[in-house]
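Fold and geometry: a report
Each chain is listed here by its residues.
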Amino acid sequence: MSKKISNPIKKAGNIIIISAPSGAGKSSICEAVLAEGKKNISYSISYTTRSPRKGEGNGKNYYFISEDKFKQMIEEKKFAEWAKVHGNYYGTSKEVLNKALSVGKNIILEIDVQGGVSIKKQYPNNSCMIFIMTPDFKTLKKRLMARNKDRKETISMRMLNAKKELKYLPKYEYLVINKKLDEAVHAVKTIIKSLEYKIEKGRIYFA
Ligand code: 5GP
């Protein structure tokens with residue numbers, strides 16, 4: 001008796017966790033991946049207590065909220081994960097995440113390494129962890145200085161944090177070195193595309 005293979009293309013959505021030290025280019029990469037306009041991919045806008053940088057808008061890059069409001073949201077269990085990064089609070093909305101997954105959408109989470117590990121623990125079968133890094137630390141510092149968004153002390157703190165963040169690399173599944181932006185974007189898109197073909201645990205392929 002022949003057994004038929006059910007459509008192997010994965011229908012459920014994936015959580016695409018993208019982490020990187022500040023300045024490694026993850027925002028540019030995410031923007032480019034999203035700009036392709038694929039209906040099947042969305043972006044999780046995090047909540048944060050940090051002040052907006054020049055050019056950032058509420059509801060565009062982040063939802064900028066007070067520390068009191070953030071703590072209230074923690075109490076109300078509104079976050080799938082939250083962390084204190086560089087002295088500020090950041091959190092991912094549980095509702096947005098679950099909504100995307102329930103309709104089979106991929107969702108990009110641009111979050112730090114603590115958040116990445118926490119999400120992977122909660123969604124082990126439908127999350128994918130991608131780490132972005134510059135070819136070396138020298139390039140990272142150069143990029144941080146060139147973007148001219150942070151004070152000198154902030155840059156030093158971010159460099160120190162980059163070394164700590166890199167220690168989480170073995171917990172990640174993919175590493176993309178951002179030497180040239182278009183190549184890094186292509187690499188991330190390829191990884192996301194490949195998830196459609198991943199074997200889903202518990203799914204019946206042959207009946
Ligand atoms: P920035 O202030 O430079 O936008 O972000 C600082 C760090 O916080 C980055 O590593 C960024 O990915 C991370 N981050 C942004 N949103 C979230 C979030 O919702 N959760 C966690 N854990 N980290 C976040």
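Details of the structure are given in the entry above.
The present account deals with the structure reproduced in this document. The shown structure was predicted, so the numbers you read here are calculated from the model rather than taken from an experiment.

In this section: unusual backbone geometry. With a phi angle near 55°, K77 is a residue other than glycine that sits in the positive phi range. Relative to the helices and strands, K77 resides in the loop between α2 (67-75) and β5 (79-85). Take K77: its relative accessible area is 61%, and that puts it in the exposed class. Positive phi outside glycine occurs at H86, with the angle close to 50°. Its location among the elements puts H86 in the loop between β5 and β6 (88-93).

Here we come to the sheet that holds strand β3 (residues 46-48). The sheet built from four strands is open, its strands ordered β4-β3-β6-β5 with mixed pairing. Each end of this open sheet is capped by a strand with a single partner; those strands are β4 (62-64) and β5. Neighbouring strand axes in the sheet, compared pairwise and without regard to direction, differ in orientation by 25° on average.

Attention now goes to the pattern of salt bridges. Taken as a whole and judged by the stated rule, the model has seven salt bridges. When the shortest N-O distance is used, the salt bridge between R50 and E56 registers 2.8 Å. You can call E56 buried: its relative accessible area is 17%. With a closest N to O distance of 3.2 Å, K78 and E76 form a salt bridge. Residues participating in the shared-partner salt-bridge network are R50, R53 and E56.

Time to look at the site of the ligand. Near the ligand, the surroundings consist of 18 residues, among which S46, R50, Y62, Y90 and D112 are the closest. At a separation of 3.2 Å, an oxygen atom of the ligand approaches a polar side-chain atom of T92. When the ligand is considered free in solution it has 510 Å² of accessible area, and contact with the protein chains removes 96% of it. Mapped by element, the contributors of at least two residues to the shell around the ligand are β5 and β6.

It is worth spelling out the sheet that holds strand β8 (residues 127-133) at this point. As a general point, the strands of a sheet are linked pairwise by backbone hydrogen bonds and lie either parallel or antiparallel. Reading across from one edge, β2-β7-β1-β8-β9 is the order of the five strands in this open sheet, with parallel pairing throughout. Two strands bound the open sheet, and with one partner strand each, they are β2 (41-43) and β9 (174-177). Neighbour-to-neighbour, the strand axes of the sheet open up by a mean angle of 25°, direction not taken into account. Pairing of strand β1 (residues 15-19) with strand β7 (residues 106-110), which is carried by four bridges, proceeds in the parallel orientation. Counted as the bridge partner of I18 is E110 from β7. Those strands touched by helix α7 (residues 181-194) are β1, β2, β7, β8 and β9, and its axis lies near 160° from that of β9.

Criteria and thresholds
Residues numbered from 1 in each chain as written. Predicted model: local features only at pLDDT ≥ 70, side-chain atom pairs only at ≥ 80, totals over all residues. Heavy atoms only, no water. Helix = DSSP H or I, 4+ residues; strand = E, 2+ residues; numbered from the N terminus. Buried < 20%, exposed > 50% of the residue type's maximum accessible area, 1.4 Å probe, protein only. Pairing = 2+ DSSP bridges. Axes fitted to C-alpha atoms, helices over the stretch in contact; angles between N-to-C directions. Salt bridge = Lys/Arg side-chain N within 4 Å of Asp/Glu carboxyl O. Near = heavy atom within 4 Å. Polar contact = N/O pair within 3.5 Å; in protein donor to acceptor, adjacent residues only side chain to side chain. Areas by Shrake-Rupley, 256 points an atom, 1.4 Å probe, with all protein chains shown as cover. Contact = heavy atoms within 4.5 Å.

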